[in-house]
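# Geometric and topological summary
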Amino acid sequence: MGRVFIVDLEGKVYSCIHCKTNLTKDEDIMSKSFKSKYGQAYLFSEVVNVSTGNKEDRMMITGLHTVTDIFCVGCGLNVGWKYVTAHDVSQKYKEGKSVLELYKIVGPHDSNDLVCQQVSQLMIQ
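Cut-offs used in this document
- Residues numbered from 1 in each chain as written.
- Predicted model: local features only at pLDDT ≥ 70, side-chain atom pairs only at ≥ 80, totals over all residues.
- Heavy atoms only, no water.
- Helix = DSSP H or I, 4+ residues; strand = E, 2+ residues; numbered from the N terminus.
- Contact = heavy atoms within 4.5 Å.
- Areas by Shrake-Rupley, 256 points an atom, 1.4 Å probe, with all protein chains shown as cover.
- Phe/Tyr/Trp six-rings, centres within 6.5 Å; stacked < 30°, edge-to-face > 60°.
- Buried < 20%, exposed > 50% of the residue type's maximum accessible area, 1.4 Å probe, protein only.
- Salt bridge = Lys/Arg side-chain N within 4 Å of Asp/Glu carboxyl O.
- Pairing = 2+ DSSP bridges.

Quick look at the overall build of the protein chain now. Each helix and strand counted, the protein chain has one helix and nine strands in total. Counted from the first residue to the last, the protein chain has its helices and strands arranged as β-β-β-β-β-β-β-β-β-α. Here the analysis covers contacts within the protein chain between residues at least 6 apart in sequence; of these, 42% occur between residues at least 24 apart. Here the protein chain has roughly 7100 Å² of accessible surface; of this, 52% comes from carbon and sulfur atoms.

Written out as structure tokens, the structure is:
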């Protein structure tokens, strides 16, 4: 395995909750209305410092999508998923975009998002 290079971001940054590796910036949020198995999630246009898992088809609320789980390169935590293919034409805007689950990241959430994140963490424990 090669050496992992970590990209450092500036500004309002979202990071892995476990190892604090930078993952994305506040300005890259496309939507705050996504849901994951354990709570609220955000759709981001760009995410760094992640590796991807195997592609798989998943039936989601908005239909069938081909996705890959994404993992923090700093610690290996599964932090969300990336859309590879949207099978519905109305969902094509998601292709190449990533969803990060709030209970797995830290960053400049607004107060309502922090409550959701804290409740989600309690559910997991």
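As a further point, take the packing of aromatic side chains. Scanning all chains against the criterion turns up five aromatic pairs. Note on Tyr 14 and Phe 44: the rings are 5.5 Å apart at their centroids and 65 degrees apart in plane angle, and the pair reads as edge-to-face. Here Tyr 14 is found in strand S1 (residues 13–16), whereas its partner Phe 44 is found in strand S4 (residues 39–44), with 30 residues between them in sequence. This pair shows no difference in class: Tyr 14 is buried, exactly as Phe 44 is. When the centroid spacing of 6.4 Å and the interplanar angle of 80 degrees are considered together, the rings of Trp 81 and Tyr 83 count as edge-to-face.

Bringing the pattern of salt bridges into the picture now. The final tally for this structure, using the stated rule, is five salt bridges. Here Glu 27 and Lys 25 are joined by a salt bridge, their closest N and O atoms 3.5 Å apart. Arg 58 serves as the salt-bridge partner of Asp 69, at 2.6 Å between the closest nitrogen and oxygen. Placement of the pair is Asp 69 in strand S6 (residues 63–72) and Arg 58 in strand S5 (residues 50–60), with a sequence separation of eleven residues. For the residue pair Asp 69 and Arg 58, the accessibility class agrees, reading buried in each case. Sharing partners across several salt bridges, the network here consists of Glu 56, Arg 58 and Asp 69.

Take the sheet that holds strand S2 (residues 22–25) next. Taken together, the three strands give an open sheet; going across it, the order is S2-S1-S9, and neighbouring strands pair in antiparallel fashion. Of all strands in the sheet, those with a lone pairing partner are S2 and strand S9 (105–106), marking the two edges. Alignment of S1 against S9, held across two bridges, turns out to be antiparallel. Across the sheet, Ser 15 pairs through a bridge with Val 106, a residue of S9.

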